[in-house]
Each structure stands twice: as structure tokens, then as C-alpha cells.
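# Examination of the molecular architecture
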Amino acid sequence: MFKKPADVKTIQRLSGADKKKLRRTAKERFPQASDADLDAILPPKVEITVAKYPNHSLVYGIEGEFPMIFNTDARGHELFPTVYALWKVPHLLPAFTLKGGEVSRFVIGGADLMFPGISIPPEGFPSFEAGQPWAVKVPGNPAPIAVGSTTMSSTEALKAGLRGKALKILHYYRDMLWDSADGRYVPNEGFFDDIVVEDPNSVSTSQSPDSVEGPEGMNDGSVSAEDAGVDISDNHGADPGIQSETVEEITDAVNELKLPEDKTTEQAPVEMEHHSLTTEEIDSLLDKCLLQALYTSIKEKDLPMPGSTLWANHILPCRPPGITLDIKKSSHKKLSKWLQSKSSSGLISVKEDKYKKEFILLAINRKHPDYMAFRPEKRVQELVEHVKDVAESSVTKQLEVAEIYKPSSHVKPIFVAVEADMEKYYSAPEASDIVFRYVEKENLVKPTDKTKVILDVTLCDALYKGAIKKGSAYPTEIHKKDLGSTFLNRMQVHHKVSRGTQEVIRKGAIRTIQIMTERRQGNKKMTRLSGLECFLMDPDSLASELQKKFACSTTTAELPGKKGQCEVLVQGGVIDDLAKHLVDHYGVPKRYIEVYDKTKR
């Protein structure tokens, strides 16, 4: 889609409502993504812009930085992450791994990916459907180099003998989207300097940071497009400019790009970036980064871990700002040999995966003398804690409130007639559908007026029995627009509230949160907050949080005559800020917040 240069038609900022809608759609489109992952590519407190292209695609980006998401249908549903987003969150999409580095030069040229060019895992392909977003990776490198849409399902692929087109490439490293001319959508020039390889011939085609060797015949520079498993028909062939580049340049450049660089590294002085380290200094720095990673980011639940993941996601982020860490310049030369040496010393335990041809980190000896004597840097610890806090705070926003209905004895004959479940909870549209199914089954639509429904004995009793005054005549027909609401009024109202993994269903309509400001003695203001329990919020925790946020005194008290219900008392008139905090931070819909300001006359 972005192979040829194209001028952006319009650029505009997204409103708050549009940003929330984009986030919801991204959550549905990328089910593997957590809230912390979405915060990484769509930060909640930054401006997000949308650029409209002549080919009807839309590109969403962080203003002043990178494009993060694009869609192909101009309606916002067929979303795909850019390679920038995948460098921040490599696991955002499932990915096909190429058979060797040689195939990457065709993919980076815009060719579609065929099944023969994909390395099949020992356990086989995971299940997928046609039209799903998938990424493309090179062996031993967690940084995706392209994004596309599957052309068939996994079932169809197996029936076809794993032949044919697997992925229609929509966006790839070094295309026009990646190299956008608009300065607000590309990183600064210093970022591109980081990926330039001074000596492209120093690394072979199939080498990756852990020296994973590609399959036989993939590093002789003579693989054809057909053998590589790419489709260069229909104007999807590789760009001649890209084809002329050596595979070593492409592989080395992508190897550098797989790191989620922090801001301090990007802003480091140029003289620090080019500071050359001796072999002994690199060896020492490697050991220090490993210990730092073992302390701060690698948990027991993450094991076993591929060596490439250990290097890219844990070792490299621990290096000092402005320092380039190159395993080839160490005394070990290869990641596999370095990991073996650390295993021999007893610090870690590794094993070679013969299928993937790389070493796997199996265990960590946390009683090793080197581990016991090491003291991690506070800067990295604080960063890890900050990421954890962001992930936890994002979970609090996952609030869903829904009004649901349960069948009552009044409507039981209707449910029995259409064989509907009496023990199930129904949404308003689902409940209305039940009564209309009964109308259709009994053919009760009035022949002379299609907008009205004739009431037979069963339906009339369901809608009006016990609700009509004695002596009054029962109606014989009802308008279709009133049928659904009248039927709902005869059912038992419940409400469902869910936040993260918590979910409760309570009888009755949901009560609102009440925020009331009143004057106390000495003309001081006090704000009362009640009704939090309905939205799965802990009053004590919220009181502690508000004390820090508003720098004021807070307390909790049990509501008189309402056992188990508490109110939060906040010193001062913070009625507006408090309501905004509940909406923005806890996701409480505005319609469920009632505000009373008794200080105004």
C-alpha cells in the first residue's frame, strides 16, 4: 500500500472520543495485546493524529513521533500496526518466521509472502483465519520487518499442501510509510543514524545476534524469488533499489532496530554513541547487563526463554545510555558461545534447541556468588516499577456496565412457547427479540395494519395481567414500537458490572455515584462521595489515592442505615475534578455520576 510515494491529503487531531474508539477497535483487532501494550503504542495522554492518503488508507500516529496504526478500509475497522508499533511491542501480532535472511530482501521490496518461504515450527502453524493481521520476522530476530493480511485460513493452507500465497504484504521496513516525508510522522535523523551499518560485509546473511544459521542454500546470494517463497507478480515485486542492496545490510540494519530504545538513549550525545569499547570492557558490560536483567526483568514464569528474546528484550535495554553493545566485538564473538560460558560458570542453565538452532535459557542460579554480590542500578528498577504501575492503572479503566433482564413469572409462557432459556440473563435487544419471535410464530401481526400486533390471551396476560385496574378492559392490540418496552417492564431488572477479572450481577437497576459538596463549620467545604461499591471500587483505596492527588485530608465513613456501604469524605470543593477523575481513571460513564453542589445559592 505504501510502496509508491504519495502526498498526504489531510492531517487532523483525534478528539477524545475518537481516541477511545480507536483504542477499543485496536483491542478487538489485536486480542494478544494487553492494556499496557496499547498504552505503549497509543499513549492515553498524548495527541494522536490521523493522516488520510489518496489510496483511502488512514494512518494514526503520535504527534511529533511515529505512525503507529494504519487501516486499509478508511472506516477504521481493518487496523494494522506499523513496524514502529511492532518494535515497541513485538508480540502485538502473531508472526511468520522466514526460512532465512535471503528471503527478507524480497519482502522488504514489497513482494507478498508465500508458504514455501516460511519456516514451519515443530509444533506446526497456529490456527488462523483469512484476513487476519500477521507480522513477518527473520530468524533469530524478534523485531518484525513487515505486516500483512493472511490470504487463507490455516485449514485451507493445509489442504493446499502449504503452497500458495500466505500473506499479502501491506507495509514493510523502508517503505514510504516508514520513510514518511512528513516530519511529524517520522523519527528524527539521529534515529536513522543508529541503524546504519558501517561495515555491511562483517556479518553473513544468515547471522543473527545469537548466530542462528539459516537453512542450506540461503546464504549464497543466489536464491530466486520462487525458491525464497515470495510472489513478485501484480506489481508486488521487490524494489530494484532494495534488490541491489546486499542482504547483509538489510539483516544488520534490522538487527539494530529490534530494540525498544528509551528516550535517554535517543537523546545521548553523539560523541558517546561513537565511543569505542575495548574487548575487556565489552565482556564486563555484557556480564553486568545480564545480571541487571536477571534482577529486574526476567522472572521464573518467563522461562524457558529463547536466546534471541533474552538478548533483544532484556540484555540490550539494560546497557548504559549512548553505548552500543555488539556481541561480535566481545571475546565470545557469538551470543551462543557467551551463553554457554555463563552456563559453564553456573550462573544460568542453557540448552540448544536443535530445531530452532539457538540456545534456550532454562534456569537461573540466584544463589551464584556473582548474582549474590551484584547490586542492580536503581534507574532500571524505577523504570520497571513505572511500567508495572502503568499496567495496573490501565486495568482499572476496564469497566463495563450493562443493564440485563431475567424472565419473570409474567413472561414465562412466552419464553416457553419459543423454547428460550428461563435461567439466562438477556440484554434489552435480546429480550425484545423473544417477544417478537412469539409474535411471528403465532402470526399476530394485524393484517390491515402491519405496525400493530394483535394480543392473544397468552401475550395479553404476559403484558398486562395484574397491571390493569379492576373493571378496566384489557387492550386487544399494541403498536410494535411499544411492544418491546412493555415486555421489558414485565421482566426482572438486573445489572452487570465487570472490571478486569471481577464481575458481579445484582438485582435492580444500577445506582449512581453521588458527589455532593456542602459547607461545614467555619465556612469550609467538604465533598462527599458515595455509591462506589456498585462499580467495584474500594472506598479506602480511593480515599488514599485522592489524598495524594488533591493534597488534602480524606476519610471514609459507613453510611447510616446502609450496612456495608461507605462514603468518602474529601476536604475542599473538588466536585468537578473528582468527577473527571472517576471518568478518566476508572472509566465510570458520565450518566452514572450525579453531582450536587449545595454551596451555591
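Under an unreviewed UniProt entry, the protein chain has the name SUI1 domain-containing protein and belongs to Sorghum bicolor.

## As for the overall build of the protein chain
A tally of helices and strands in the protein chain yields 22 helices and 24 strands. Considering the protein chain as a whole, with its 601 residues, one finds that 46% of them fall into the buried category. For the protein chain, the share of sequence-separated contacts (at least 6 apart) that also reach a separation of at least 24 residues comes to 64%. Total accessible area computed for the protein chain in this model is approximately 31100 Å², and 50% of it derives from carbon and sulfur atoms.

## Some points on the nonpolar core
Counting 59 residues, the largest nonpolar core has Ile-41, Tyr-60, Ile-69, Val-107, Leu-113 and Val-136 as the members making the most contacts within it. In terms of nonpolar packing, the next biggest core, distinct from the first, is built from 30 residues, Ile-282, Ala-293, Trp-311 and Leu-335 among them.

## Some remarks on the sheet that holds strand β13 (residues 348-353)
Strand order in the open sheet formed by 3 strands is β12-β14-β13, and the pairing between neighbours is antiparallel. Bordering the open sheet on either side are β12 (305-306) and β13, each of which pairs with just one other strand. This element, helix α14 (residues 335-344), spans β13 and β14 (358-364) of the sheet and lies at about 140° to β13.

## Quick notes on the packing of helix α21 (residues 539-550) against helix α22 (residues 575-586)
Remark: α21 packs on α22, axes separated minimally by 12 Å, with the N-to-C direction vectors making an angle of 115°. Note that α21 runs across α22; the crossing there is right-handed. For the pair formed by α21 and α22, the contact residues are Leu-542, Glu-545, Leu-546, Lys-549 and Phe-550 on the first element and Asp-577, Leu-578, His-581, Leu-582, His-585 and Tyr-586 on the second. For the contact of α21 with α22, the residue count by class is 6 nonpolar, 2 polar and 3 charged.

## Some remarks on α22
The end-to-end C-alpha separation of α22 is 16 Å, in line with the 16 Å expected for 12 residues at 1.5 Å each. When α22 is considered as a whole, its buried residues turn out to be Ile-575, Leu-578, Ala-579, His-581, Leu-582, Val-583 and Tyr-586. Looking one or two residues past α22, Gly-587 carries a phi angle of roughly 70°, positive in sign.

## Here's the deal with the side chain of His-368
Within the secondary structure layout, His-368 lies in the loop between β14 and α15 (369-373). Within the structure, the side chain of His-368 is placed 2.9 Å from the backbone oxygen of Ser-345, a separation counted as a polar contact. Each residue touching His-368, except ones within four places of it in the same chain, is listed here: Ser-345, Gly-346 and Leu-347.

## Regarding the sheet that holds strand β15 (residues 399-406)
With antiparallel pairing, the 3 strands of this open sheet are ordered in space as β15-β18-β19. Every other strand in the sheet has two partners, leaving β15 and β19 (502-507) as the edge strands with one partner each. Taking the axes of each pair of neighbouring strands and ignoring which way they run, one obtains an average angle of 20° across the sheet. Pairing geometry for strand β18 (residues 492-499) and β19, over 6 bridges, is antiparallel. The partner of Val-497 across the bridge, within β19, is Val-504.

## Observations concerning the packing of aromatic side chains
Using the criterion set out here, one finds 11 aromatic pairs in the structure. Each ring, one from Phe-70 and one from Phe-80, has its centre 5.6 Å from the other, and the planes form 20°; the classification is stacked. Here Phe-70, found in strand β4 (residues 67-71), pairs with Phe-80, found in strand β5 (residues 79-81); they are 10 residues apart in sequence, far enough to count as distant. Ring centres of Tyr-295 and Phe-374 lie 5.8 Å apart, and the angle between their planes is 45°; this geometry places the pair in the tilted category. Taken as a pair, Tyr-295 in helix α12 (residues 279-296) and Phe-374 in the loop between α15 and α16 (378-395) lie far apart in primary sequence, 79 residues in all. When its relative accessible area of 26% is taken as the criterion, Tyr-295 is described as partly exposed. A residue is classified by how much of its surface remains accessible, and Phe-374, at 12% relative accessible area, is buried. What links up through ring pairs into an aromatic cluster is the set Tyr-84, Trp-87 and Tyr-173. The ring of Phe-80 has Arg-29 lying over it, and the distance from NZ or CZ to the ring centre is 4.9 Å.

## Side note on the pattern of salt bridges
Applying the stated criterion across every chain, the model contains 13 salt bridges. The salt bridge involving Lys-452 is made with Glu-477; its shortest N-O contact spans 3.5 Å. Of the two residues, Lys-452 is situated in strand β16 (residues 452-454) and Glu-477 in strand β17 (residues 477-479); the sequence distance between them amounts to 25 residues. One continuous salt-bridge network, built from bridges that share partners, spans Glu-518, Arg-520, Arg-528 and Glu-567.

## Let's talk about the pairing of strand β8 (residues 133-137)
Counting buried positions along β8 gives 5 out of 5 residues, so the element sits mostly inside the fold. Where burial is concerned, the two faces of β8 agree: the one with Pro-133, Ala-135 and Lys-137 and the one with Trp-134 and Val-136 are both buried. Across 3 bridges, the pairing between strand β6 (residues 95-97) and β8 is parallel. Residue pairing across strands places Phe-96 opposite Val-136, the latter belonging to β8. In this structure, β8 lies alongside strand β9 (residues 146-150), joined through 4 bridges in antiparallel fashion.

Thresholds applied
Residues numbered from 1 in each chain as written. Predicted model: local features only at pLDDT ≥ 70, side-chain atom pairs only at ≥ 80, totals over all residues. Heavy atoms only, no water. Helix = DSSP H or I, 4+ residues; strand = E, 2+ residues; numbered from the N terminus. Buried < 20%, exposed > 50% of the residue type's maximum accessible area, 1.4 Å probe, protein only. Contact = heavy atoms within 4.5 Å. Areas by Shrake-Rupley, 256 points an atom, 1.4 Å probe, with all protein chains shown as cover. Core = buried A, V, L, I, M, F, W, Y, C linked by side-chain atoms within 4.5 Å. Pairing = 2+ DSSP bridges. Axes fitted to C-alpha atoms, helices over the stretch in contact; angles between N-to-C directions. Left-handed = near helix turned anticlockwise from the far one by under 90°. Nonpolar A, V, L, I, M, F, W, Y, C, P; charged D, E, K, R; others polar. Expected span 1.5 Å × (residues − 1). Polar contact = N/O pair within 3.5 Å; in protein donor to acceptor, adjacent residues only side chain to side chain. Phe/Tyr/Trp six-rings, centres within 6.5 Å; stacked < 30°, edge-to-face > 60°. Lys NZ or Arg CZ within 6 Å of the ring centre and 35° of its normal. Salt bridge = Lys/Arg side-chain N within 4 Å of Asp/Glu carboxyl O.

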